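# Descriptive structure summary
So you can see what is in the structure, the chains are spelled out below.
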Amino acid sequence: MKYNELNFIKSRLAQATQFAFRSPATVTAMVLAGVLTCAPASAQQVGGIRGKVTTEQTGTSVAGVTVTATSNVLPGARTAVTKEDGSYSLPLLIPGRYQLTFTAADGSVRRTEVEVRLEQTSNVDVQLDGGSADIEVIEIVGSTIVREGNSSLTNSLGAEAIESLPIGQNYRDLLKLIPGVQYSENATLGPAAGGSGVDNKYGFDGVDVSLPLFGNLASEPSTHDVLHVSMDRGGAKAIGFNRSGGFAIDTVSKSGTDEYKGSVEYKLQDKSMVSDITGDVPYELDQSWITAGFGGPLIKDALYFYGSYYRPEVDRVNKETAYGPVKSYNSTRDEFFGKLTWAATDDLLFNISQRSSERDVEGASIGALDSDSVSLGEKAEQDIFTFDGSWLIDGATSLSFNINNFSLKTTSTPDNILSVQPVIGSSLDLNNLDQMGRFTVPTLRPDTPQNAAFNAAAQTLIDRYGYIDDSGNRAGGGRIGAYHQFDTTEFSRQSFEIALDREMELGNLWHNFHVGFKYSELTEELSRVSNGWGIIGYLGGLSTTVPGAFYQATIVGADPNVGSGLNVLESSVKTYNLEINDTITAGDFEYNVGVLISKDVLYGQGLRENPNNLSGFELAPGNKYKMYTMDWDDMIQPRLGVTWRYDGENTVFGNFAVYHPEANSLARAASWDRSTLNRITDVYFDEQGDFVEERYRGSSSGKFFADGLKPRRIDEFTLGTTKAVSRQLYLRGHIRHRKGSNFWEDVPNAARLSGTYGNGQVPAEIAARGLYIPELADYRAEIGGSSYVIAEVDNGYTKYWEASIEAEWIGDRTYVNASYVWSRYTGNFDQDNTTTNNDANTFIGSSFYNDEPGKFSWDNKDGTLSSDKPHLLKVFGYYTLDWDANVGAYLLYQSGQAWETWSAEYYGHAPTSSYYAVSAYAEKAGSRRTSSHWQLDLNYTQNFAVTDKLNMKFQIDIFNLFDRQTGYNVNPYDYQANYGQPRSFYLPRRIQLSVGIDF
């Protein structure tokens, strides 16, 4: 990296720099730079500059000074004129480096530079002396940092840091840099930050790319185009529509500039660059990444363009399972991005962009005990569109808007498509089970008289379909046949935001008013059908629910009684958000008073309103209906804060905020057509394969909502302080508390009446509440539906405590960020630990939690939650060397994962029942913990300046240098052989090499 001290200092996180005006005819003046709590409206991906011009000379006016901001990222210029008190404001600026020019009434001109960060406002206060018309350049003589954006716990990074640190290529890799947020290598579930992993908010160019209905990060976005990133952990204002119960992250992409610039990079991670992988499935991956970008002016000082191409490719060759060699795995993605930035006038600015991605996967979904025929092909298509604009109505008023759309369509098709068509009532061909569906080969049970018949038939199946184990014998437990179903899912989120900001002085108080409105519609369209007989299992005549059943097939598909043309289940949510915020400055104090008010409407499919029915509905397959409304008066989210700048620079701050997270899966999980279009049917067969009976899973049919539900809520209190120890060292410390309540789950209507069972008992106070819906039987008599209802978890709560200290060092060539967090996360509702595989898009509001005795909130659930990691240390930074090079490092230490034993037998069920064991805690939640984890990542970048405009770059990244493959995701099932053993491990040491050209 080319070294430049001035640029290095100005490009750090959320900077606020201290400058000085030096006039040859007068004395030295100063500029204080920082980040104020007032950030511009978030309808556009912008930052801002504000400040005050003062003078020590009496009788010299500070009004009428013209302040002009120019940048290579901004077409044209932005201008403001100081008011009577000398204050000025330049809002809605594209993030980047700006030159400020101050032109006084006497003709004197002063200039300086300042960095504008995403969603933050840089403060430049200027002290002038008159009497000179000479042009002077303001020199940097010191720097301090006071960082605050849309919340009191905000961090911001620019492109230099993203390129200089060992991060990675995926959007998810940026999360490792957020102080106080756990490091996670999950592929789907987000990391915890004082709340559930599904309560985070992910923004990409201002577009919410959180997966609708599920709250996780859509997997496709990458980092190659990211110019700036902002990260809010808590203490939010009513600016930006932040309803996150965890953290909120947003990025802004690169734009064209006033120069033609481009880059091309190739990055490689060969399988020989990865150490041996710990786990059950040995595999080797070849990975490569190609990126290219180019931009510049289409119309000088008016219209800029930028475009890019990205192609990641993954190959897995010669993977072997218990059944031997299987087909190679390949994943290829092509992503195209285009963006236009247009300054129609000095006061009108517009951005429009489109990002389109297509990924194809071959040979997916093969586990350690799967045969080659069980593989799956996948395809994903993602589009992100945004159109935003801003209008500076006058020097104190601005209007901004954002229209955007996110869509993600995924399809999965079995590589082995079966010819058999399941017909209820027909027989199962036992001589060709590998052509019927995905068959799980049984394992033998203990040699007892009760198990004799089971084992005899099971041995026959093992001899025919089992795999060869290490001893050379046939073994059960494997899976043969074909992948069990076809899936097509299309997610979309369409949003519109508009915001008005106004600065004004009332009396002795300075007000910064903000009002914004946001409307979004979130939709999921799902089509799912089984391949053959779907999932097939062996029961061996030991089923207690279906006597005489030896085989069970589980198929998914539309009920033939609803018509052949109806096979797509559509679920949607409409959200309305209104925010009002006022930031009031009074001397050394700054007060924030705001409120975010929301309304969410859930829409299902399969009913029609009928006021003559007791339930208010009638059956109407395929019809969209309003399922449930969380109204305005139920989602009032106050945002209150105060900041005391006790010496004009360092602060003490406090904040109170309420959040109602948006993520909710009930629009699908409780939909009536779920039982007809995603109909799950268990079909049972006898020893000869003849049909015995069929059973529909009632819990998967439509569900009614209990009366008086209050939406999920997070209350947050924050108290902290900031301190600029020197021009190089900045400290921030805080204490934060979050309390979660009003959790929703599907639950048997008579759950409170379960009495005493196994090792559990319903508390008397809860039992006295009776049925959740007393009229449920009458409702079901009219229109059917499930015996489960949507209700609030009885006495459900979570509590999170956090004490944090963060230090940031800015040297001439060095940048270091170090943070330590001590935390505790407890409660009786663990959203991140509700199913067999928690790193997945699991339902929010309809999981295994609360399903039956052993899984209720009073069944050992009160304790330490799975995301609790008491100690978290992060240190990262980079150093610029003399020889046009850069070294970056990332050090992590965090506590292990909390877990507990799950047992069906503990609650009186069959010991080996996987269904009854799921989420059935046999001991207090979080009674055990995995080993702590630490790792060190490094990178080195070498630049070669071929010409003034042509630069070659070589880089090496080493992740997990010491190969710390710590185990986590422990198997909690007490009856399984690998009980207590990790099922996942942190990624091994791996090396990435890259070569790039900037021109």
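Note: the structure precedes this text.
Now for a look at the structure at hand. Quick caveat, the model's predicted, so the values are computed rather than measured. (Residues numbered from 1 in each chain as written. Predicted model: local features only at pLDDT ≥ 70, side-chain atom pairs only at ≥ 80, totals over all residues. Heavy atoms only, no water.)

In this section: the overall build of the protein chain. Helix and strand content of the protein chain: eight helices and 59 strands. Computed over its C-alpha atoms, the radius of gyration of the protein chain comes to 30 Å, within 12% of the 30 Å expected for a compact globule of 999 residues. C-alpha atoms of the protein chain, sized along the principal axes, occupy 105 × 65 × 50 Å. Looking at the 999 residues of the protein chain, the share that counts as buried comes to 58%. Surface exposure of the protein chain reaches about 37200 Å², of which carbon and sulfur atoms provide 54%. Charged side chains in the protein chain number 84 positive and 123 negative. The centres of these two groups are separated by 2 Å. (Helix = DSSP H or I, 4+ residues; strand = E, 2+ residues; numbered from the N terminus. Rg over C-alpha atoms; globule rule 2.2 N^0.38 Å. Buried < 20%, exposed > 50% of the residue type's maximum accessible area, 1.4 Å probe, protein only. Areas by Shrake-Rupley, 256 points an atom, 1.4 Å probe, with all protein chains shown as cover. Lys, Arg positive; Asp, Glu negative; His and termini not counted. Charge placed at Lys NZ, Arg CZ, Asp CG, Glu CD.)

Right, let's get into helix H7 (residues 776-783). Turn by turn, an α-helix covers 3.6 residues, leaving residues three or four places apart pointing in a common direction. All of the buried residues along H7 are Leu776, Tyr779 and Ile783. Looking down the long axis of H7, one finds its buried residues gathered within 60° of arc, a one-sided arrangement. Among the exposed residues of H7, those pointing more than 90 degrees away from its buried face are Ala777 and Ala781. On its buried side, H7 packs onto strand S35 (589-609), strand S36 (617-630), strand S41 (704-705) and strand S47 (788-792). Immediately beyond the C-terminal end of H7, within one or two residues, lies glycine 784, with a positive phi of roughly 75°. (Arc of directions from axis to C-beta. Contact = heavy atoms within 4.5 Å.)

For the rest of this paragraph, the subject is a nonpolar patch on the surface. On the surface, Trp391, Ile393, Ile403, Phe496, Ile498, Leu500, Val515, Phe517, Leu578, Ile580 and Trp632 cluster together into a nonpolar patch covering about 830 Å² of accessible area. Of all the secondary-structure elements, those providing two or more residues to the nonpolar patch are strand S24 (376-394), strand S30 (485-506), strand S31 (509-530) and strand S34 (569-586). With respect to the helices and strands, the residue tryptophan 632 is situated in the loop between S36 and strand S37 (636-645). Judged by relative accessible area, tryptophan 632 falls into the partly exposed class, the value being 30%. (Patch = residues over 30% accessible without salt bridge, like charges linked within 9 Å, V, L, I, M, F, W, Y side chains within 5 Å. Salt bridge = Lys/Arg side-chain N within 4 Å of Asp/Glu carboxyl O.)

With that settled, consider the sheet that holds strand S26 (residues 438-440). Taken in spatial order, the six strands of this open sheet run S29-S26-S32-S33-S39-S40, and their pairing is mixed. Two strands lie at the open edges of the sheet, namely strand S29 (479-481) and strand S40 (691-696), each paired on one side alone. For this sheet, the mean inter-axis angle between neighbouring strands, taken without regard to orientation, is 25°. (Pairing = 2+ DSSP bridges. Axes fitted to C-alpha atoms, helices over the stretch in contact; angles between N-to-C directions.)

Now for a negative patch on the surface. A contiguous patch of negative charge, built from Asp360, Glu362, Glu381, Asp415, Glu490 and Glu525, is present on the exposed surface. Tracing the backbone through its elements, the reader meets glutamate 381 in strand S24. Given the relative accessible area of 31%, glutamate 381 is considered partly exposed.

This part covers the nonpolar core. If you look at soluble globular proteins, the nonpolar side chains tend to sit buried side by side. If you look at the biggest cluster of nonpolar residues, it comprises 83 residues, and the most contacted ones within it are Ile249, Leu602 and Phe705. The element that contributes the greatest number of residues to this core is S36, accounting for five residues. In contact with isoleucine 249, other than residues within four places in its own chain, are Tyr171, Leu174, Leu175, Ile178, Lys201, Tyr202, Gly203, Val229, Ser230 and Met231. In terms of nonpolar packing, the next biggest core, distinct from the first, is built from 25 residues, Leu418, Leu430, Ala482 and Trp533 among them. (Core = buried A, V, L, I, M, F, W, Y, C linked by side-chain atoms within 4.5 Å.)

Time to look at the pattern of salt bridges. This structure, assessed with the given rule, holds 37 salt bridges. The partner of glutamate 313 in a salt bridge is arginine 311, with the nearest N and O atoms 3.7 Å apart. Judged by its relative accessible area of 24%, arginine 311 is partly exposed.

Tallied over the entire structure, the rule returns 14 cavities of 30 Å³ or more. Estimated volume of the second largest cavity: approximately 230 Å³. Lining the second largest cavity are 21 residues, and of these Asn200, Lys201, Asp208, Glu662 and Ala663 sit closest to its centre. When the residues that make up the lining of the second largest cavity are grouped by side-chain class, the tally is eight nonpolar, six polar and seven charged. (1 Å grid on protein atoms, 1.4 Å probe; cavity = no way out; pocket = protein on both sides within 12 Å on 5 of 7 lines; lining within 4 Å. Points joined across faces, edges and corners; volume = space filled by probe spheres on them. Nonpolar A, V, L, I, M, F, W, Y, C, P; charged D, E, K, R; others polar.)

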